[in-house]
Amino acid sequence: MSKLFTAAIALTALSLPVGAMAQSNGADTSVSEQTPTSPPVAERRDYTFTTHGITLTDPYHWLKDQSYPTVDDEDVLAYLKQENAWFEAQMAPHKELVDALFEEMKGRIKEDDSTVPQKDGDWLYWSEFEEGKEYRLHYRKPVGGGEAQLLLDENQLAEGKDYFRLGSFSISKDGRFLAYSADDNGSERFTARVKDLQTGELLDDVIPETLSGLTWLAGDTMIAYGKANENWRVDNVRLHKLGTDVSEDVEIFREADEGFRVGAGLSAQEDWLVIGTGDNETSEVWLVPADNPTGEQTLVKARQKGVEYDVDVRGDTLFIHTNDDHINFRLATAPLASPGEWTTLIAGSDEFYLTDFELFKDFYVTEGRLAGLDQVQLRAYDDVDDLTPIAFPEASFVAGLSNNPEYDMQKLRLSYQSMVTPGSVYDYDVKTGALELLKQQEIPSGYDATQYKTERLTITARDGTQVPVSVVMRKDRPAGAGPLHLYAYGAYGYAVPPGFSTSRLSLVDRGMAYAIAHIRGGDDLGRRWYLQGKLNERTNTFEDFVDVAKGLIDEGYTSKGQISASGGSAGGELMGVIVNTDPDIWGAVVADVPFVDVLNTMLDKDLPLTPGEWPEWGNPIESKQAFAYMLSYSPYDQVIAQDYPPMLVTAGLNDPRVTYWEPAKWVAKLRNTKTDDNTLLLKTNMGAGHGGKSGRFASLYETAEEFAFILTQLDVVESPAATEGTDAE
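Residues numbered from 1 in each chain as written. Predicted model: local features only at pLDDT ≥ 70, side-chain atom pairs only at ≥ 80, totals over all residues. Heavy atoms only, no water.

This part covers the overall build of the protein chain. Along the protein chain, the regular secondary structure elements total 13 helices and 40 strands. Over its C-alpha trace the protein chain gives a radius of gyration of 25 Å, about what one expects of a compact globule, namely 27 Å for 729 residues. Each principal axis of the C-alpha atoms in the protein chain carries an extent, and together these give about 65 × 60 × 55 Å. Across the 729 residues in the protein chain, those meeting the buried criterion constitute 58%. Long-range pairs, those at least 24 residues apart, make up 58% of the contacts in the protein chain between residues at least 6 apart in sequence. When the accessible surface of the protein chain is totalled, it reaches about 28400 Å², and 46% of it is carbon and sulfur. Of note, the protein chain has its 64 positive side-chain charges centred 1 Å away from the centre of its 118 negative side-chain charges. (Helix = DSSP H or I, 4+ residues; strand = E, 2+ residues; numbered from the N terminus. Rg over C-alpha atoms; globule rule 2.2 N^0.38 Å. Buried < 20%, exposed > 50% of the residue type's maximum accessible area, 1.4 Å probe, protein only. Contact = heavy atoms within 4.5 Å. Areas by Shrake-Rupley, 256 points an atom, 1.4 Å probe, with all protein chains shown as cover. Lys, Arg positive; Asp, Glu negative; His and termini not counted. Charge placed at Lys NZ, Arg CZ, Asp CG, Glu CD.)

This is the structure we're talking about:
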């Protein structure tokens with residue numbers, strides 16, 4: 001992982017929609033012992049509010065626990081448990097299929113897998129899974145040889161917990177200490193600890209409620225971190241001195257704008273702490289010496305609305321990646337003594353979308369996309385025209401820099417995959433240009449890439465825009481229209497990569513095609529592609545998805561009613577819209593932790609993430625136009641009396657991004673309003689958050705449940721294509 005921290009990295013916590021922390025009161029979360037015979041019907045309670053002269057009713061407002069972030073309302077918990085019981089009852093007849101899917105997926109996972117060791121200083125670091133274990137173990141050994149040392153066992157930390165997620169993992173520069181953080185309920189409030197790797201003992205240092213990286217400073221005597229405030233926002237950088245009480249920690253940076261988020265990390269040469277602050281469209285960077293973090297801070301350039309930039313430092317020169325004069329970003333330099341005087345190094349381009357850069361001792365690397373495909377380019381410091389693109393073997397792929405922890409790298413670690421090629425790790429020799437395959441994902445149950453094909457096509461949207469689509473299927477899939485699964489995200493400038501998935505094979509091997517719609521709202525085709533799917537152009541995202549589905553029908557890939565669709569978070573919002581606007585297209589829809597109560601959430605400035613999300617969605621509090629536009633597409637508000645497709649909806653009680661009541665209210669309203677008898681299920685994880693259950697097998701079982709729902713609703717339940725005898729790659 002790069003040592004560079006950018007303002008963009010500071011905002012990665014916002015790459016999924018809004019919400020806040022929830023805490024269960026510890027009440028029994030088991031489902032009813034008596035199998036329900038009908039779905040639960042939530043009570044309608046009178047509630048109205050008026051904004052901009054418009055009065056709206058919200059009969060399910062009560063499902064938002066008024067004690068939030070504590071969730072202890074007995075009526076709320078009872079309703080969620082009833083929905084869970086209904087989910088279990090409806091899925092019970094398909095348990096054999098769920099179990100079969102789970103075993104298939106598990107059989108494609110190498111249980112005793114490990115990462116490729118990478119050198120960092122005097123040590124080689126790697127992680128691995130043991131057979132049957134849910135979580136990773138982290139190791140190192142001396143570069144010159146020696147016994148492996150266990151640094152951290154996530155399984156031990158997760159013992160007895162329903163949920164576990166490792167956050168930051170940071171080794172001190174001298175290699176003696178490990179600072180790490182963990183979340184044990186899905187609320188994304190992490191507790192940081194420090195382990196002495198010489199003695200194996202945990203130090204007394206405990207930093208609660210962090211939501212950031214942990215950066216070693218001042219000769220490994222201090223750790224920089226960000227503390228989550230009462231509204232689950234990181235608006236600060238603090239210093240913890242090893243061996244002192246957390247109450248003595250010093251705040252060295254505070255952000256006043258409630259919509260901005262703060263983070264910090266080291267520059268490439270580890271001589272500067274780079275502090276980034278920003279929201280979804282504006283950023284600002286400060287520098288402070290890493291050996292004197294309480295010293296004078298240098299502002300690179302004052303924030304300007306709509307201008308994003310991130311910074312790294314090499315010697316006395318700043319490198320700045322910014323969109324200040326081109327929508328697809330340029331790379332500029334500036335003297336450290338005059339940080340605001342930017343000179344273009346690589347100009348912005350309509351064709352090449354510059355997404356990132358990384359500095360090394362003898363060269364630097366730029367990353368981006370050309371015609372939607374990943375590019376990795378080596379560049380010389382002394383010659384802007386000295387450009388070496390790294391060539392990859394397939395026409396469509398996902399590639400980028402991987403773990404390159406040292407400043408002086410002569411072999412770059414790269415990651416690579418495609419829709420038919422499993423995840424691969426390469427070393428690229430900078431001097432010779434040779435690519436060495438170090439490891440490719442093993443599939444123990446067998447996988448023969450020659451049995452599959454991938455295609456990339458474009459479909460014309462209703463406004464004439466050409467929308468790319470990536471498709472994978474078996475070569476022996478019967479000709480003509482058949483079942484197809486369509487996936488998209490479409491927000492925050494996140495481009496869904498056309499990569500490999502072992503789980504996906506359980507659909508594809510049953511004769512389904514699997515398609516990814518690269519719709520506007522992501523930045524698949526450049527920054528403009530993203531901007532055309534946000535704010536007042538948000539509906540382009542939804543229309544693109546529907547038009548891709550119709551185009552796939554017209555092209556003969558599938559037929560109406562034989563398409564399943566899925567999306568999560570902001571992609572769940574997409575699912576909510578398309579079942580309102582075009583319900584007859586879909587044979588089954590899965591909406592994971594869906595952001596569907598858009599208007600109410602964006603009107604609630606007290607929710608942790610809402611102020612920072614206004615640049616993405618609009619501010620309906622201040623703008624009547626934004627209010628009306630959101631109301632026109634907000635899935636919860638636009639539920640009407642019509643037939644809806646079969647739907648599976650998920651939620652997390654502790655979800656800090658999309659609060660549990662959004663999917664709960666949506667399902668309750670759908671049950672009361674829709675005119676069909678199609679299946680509608682809500683499953684709420686009572687001890688997890690935005691990502692569902694933790695652990696590689698527990699989360700895999702949830703995927704098996706979702707696939708079983710899709711397959712049974714589309715009536716695609718035959719045995720998968722035979723793979724026995726194929727060689728695992």
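Turning to the sheet that holds strand 9 (residues 165-171), a few remarks are in order. Strand order across the open sheet formed by four strands is 9-10-11-12, with antiparallel pairing between neighbours. Since the sheet does not close on itself, it has two edges, and those belong to strand 9 and strand 12 (202-210), each with one partner. Within this sheet the neighbouring strands show an average axis-to-axis angle of 20°, counted without direction. Summarising the sheet, strand 10 (residues 177-183) and strand 11 (residues 190-196) pair through six bridges and their orientation is antiparallel. Within strand 11, the position partnered with phenylalanine 177 by the bridge is aspartate 196. (Pairing = 2+ DSSP bridges. Axes fitted to C-alpha atoms, helices over the stretch in contact; angles between N-to-C directions.)

Together, Asp382, Asp383, Asp385 and Asp386 give the surface a local cluster of negative charge. With respect to the helices and strands, the residue aspartate 386 is situated in strand 28 (residues 383-389). The class of aspartate 386 is partly exposed, set by a relative accessible area of 35%. (Patch = residues over 30% accessible without salt bridge, like charges linked within 9 Å, V, L, I, M, F, W, Y side chains within 5 Å. Salt bridge = Lys/Arg side-chain N within 4 Å of Asp/Glu carboxyl O.)

Grouped together as the largest cluster of nonpolar side chains are 118 residues, with contacts concentrated most on Tyr79, Leu486, Phe545, Leu552, Trp586, Trp617 and Trp666. With eight residues, the top contributor of residues to this core is helix 13 (residues 696-713). Judged by nonpolar contacts, the second largest core, of 21 residues, contains Phe190, Leu239, Ile275 and Leu609. (Core = buried A, V, L, I, M, F, W, Y, C linked by side-chain atoms within 4.5 Å.)

What follows is about the packing of helix 2 (residues 74-91) against helix 12 (residues 661-673). The geometry of helix 2 relative to helix 12 is characterised by a closest axis approach of 12 Å and an angle of 65° between their N-to-C directions. With respect to helix 12, the element helix 2 is oriented roughly perpendicular. In the packing of helix 2 onto helix 12, the handedness of the crossing is left-handed. On helix 12, the residues touching Tyr79, Leu80, Glu83 and Trp86 of helix 2 are Ala664, Val667, Ala668 and Arg671. Considered class by class, the residues forming the contact of helix 2 with helix 12 number six nonpolar, no polar and two charged. (Parallel < 35°, antiparallel > 145°, perpendicular 65-115°, else oblique. Left-handed = near helix turned anticlockwise from the far one by under 90°. Nonpolar A, V, L, I, M, F, W, Y, C, P; charged D, E, K, R; others polar.)

Another point: the side chain of glutamate 284. Position of glutamate 284 relative to the elements: it lies in strand 19 (residues 283-289). A polar atom in the side chain of glutamate 284 sits 3.0 Å from the side chain of tryptophan 286. From its side chain, glutamate 284 meets the backbone nitrogen of arginine 303 in a polar contact 2.8 Å long. Beyond its immediate sequence surroundings of up to four residues, glutamate 284 is in contact with Ile275, Gly276, Thr277, Leu299, Lys301, Ala302, Arg303 and Tyr309. (Polar contact = N/O pair within 3.5 Å; in protein donor to acceptor, adjacent residues only side chain to side chain.)

Quick look at the pattern of salt bridges now. Enumeration according to the criterion identifies 43 salt bridges in this entry. Between aspartate 547 and arginine 462 there is a salt bridge; the shortest N-O distance is 2.9 Å. Linking aspartate 547 in helix 7 (residues 539-554) with arginine 462 in the loop between strand 33 (452-460) and strand 34 (466-474), this pair joins segments that are 85 residues apart in sequence. Of the residues examined, aspartate 547 reaches a relative accessible area of 9% and is grouped as buried. Overlapping salt bridges, with partners in common, bring together Glu43, Arg45 and Asp75 in one network.

Before going further, it helps to spend a moment on helix 8 (residues 570-581). What sets the pattern is the α-helix's 3.6 residues per turn: residues three or four places apart point alike. Between the first and last C-alpha of helix 8 there are 17 Å, a value that for 12 residues agrees with the 16 Å anticipated at 1.5 Å per step. Counting buried residues in helix 8 gives 11 out of 12 residues, a clear majority hidden from the surface. Here helix 8 has its buried residues at Ala570, Gly571, Gly572, Glu573, Leu574, Met575, Gly576, Val577, Ile578, Val579 and Asn580. (Expected span 1.5 Å × (residues − 1).)

Here we come to the side chain of glutamate 662. Tracing the sequence through the fold places glutamate 662 in helix 12. No salt bridge is formed by the buried glutamate 662, whose closest oppositely charged neighbour, lysine 665, lies at an N-O distance of 8.0 Å. Only 2.8 Å separates the side chain of glutamate 662 from the backbone nitrogen of aspartate 597, close enough to count as a polar contact.

Sheet architecture is open: four strands sit in the order 17-18-19-20, paired in antiparallel fashion. Where the open sheet ends on each side, the last strands, each with one partner, are strand 17 (261-266) and strand 20 (298-299). As paired strands, strand 19 and strand 20 are joined by two bridges and run antiparallel to one another. Residue pairing for strand 20: leucine 287 is matched across the bridge by threonine 298.

Scanning the model with the defined rule gives 25 aromatic pairs in all. Pairing tyrosine 629 with tyrosine 633 gives two aromatic rings, centres 5.6 Å apart and planes at 75°, and the pair type is edge-to-face. Placement of the pair is tyrosine 629 and tyrosine 633 together in helix 11 (residues 624-633), with a separation of four residues, close to one helical turn. Like tyrosine 629, the residue tyrosine 633 is buried in the burial classification. Counting every residue linked through ring pairs, the aromatic cluster contains Phe392, Phe397, Tyr416 and Tyr426. Of note, arginine 45 hangs over the ring of tryptophan 62, and the distance from its end group to the ring centre comes to 4.2 Å. One cation-aromatic arrangement involves lysine 669 over tyrosine 636; the distance from NZ or CZ to the ring centre is 4.8 Å. (Phe/Tyr/Trp six-rings, centres within 6.5 Å; stacked < 30°, edge-to-face > 60°. Lys NZ or Arg CZ within 6 Å of the ring centre and 35° of its normal.)

What follows is about the environment of alanine 481. Note that alanine 481 resides in the loop between strand 34 and strand 35 (484-487). The spatial distance from the C-alpha of alanine 481 to the C-alpha of leucine 152 is 50 Å, given a sequence separation of 329 residues. Beyond its immediate stretch of four places on either side in the chain, alanine 481 contacts Gly556, Tyr557, Thr558 and Ser559.

As for its position among the elements, glutamate 188 is in the loop between strand 10 and strand 11. Judged by relative accessible area, glutamate 188 falls into the buried class, the value being 5%. With 378 residues separating them in the primary sequence, glutamate 188 and serine 566 have C-alpha atoms 24 Å apart.

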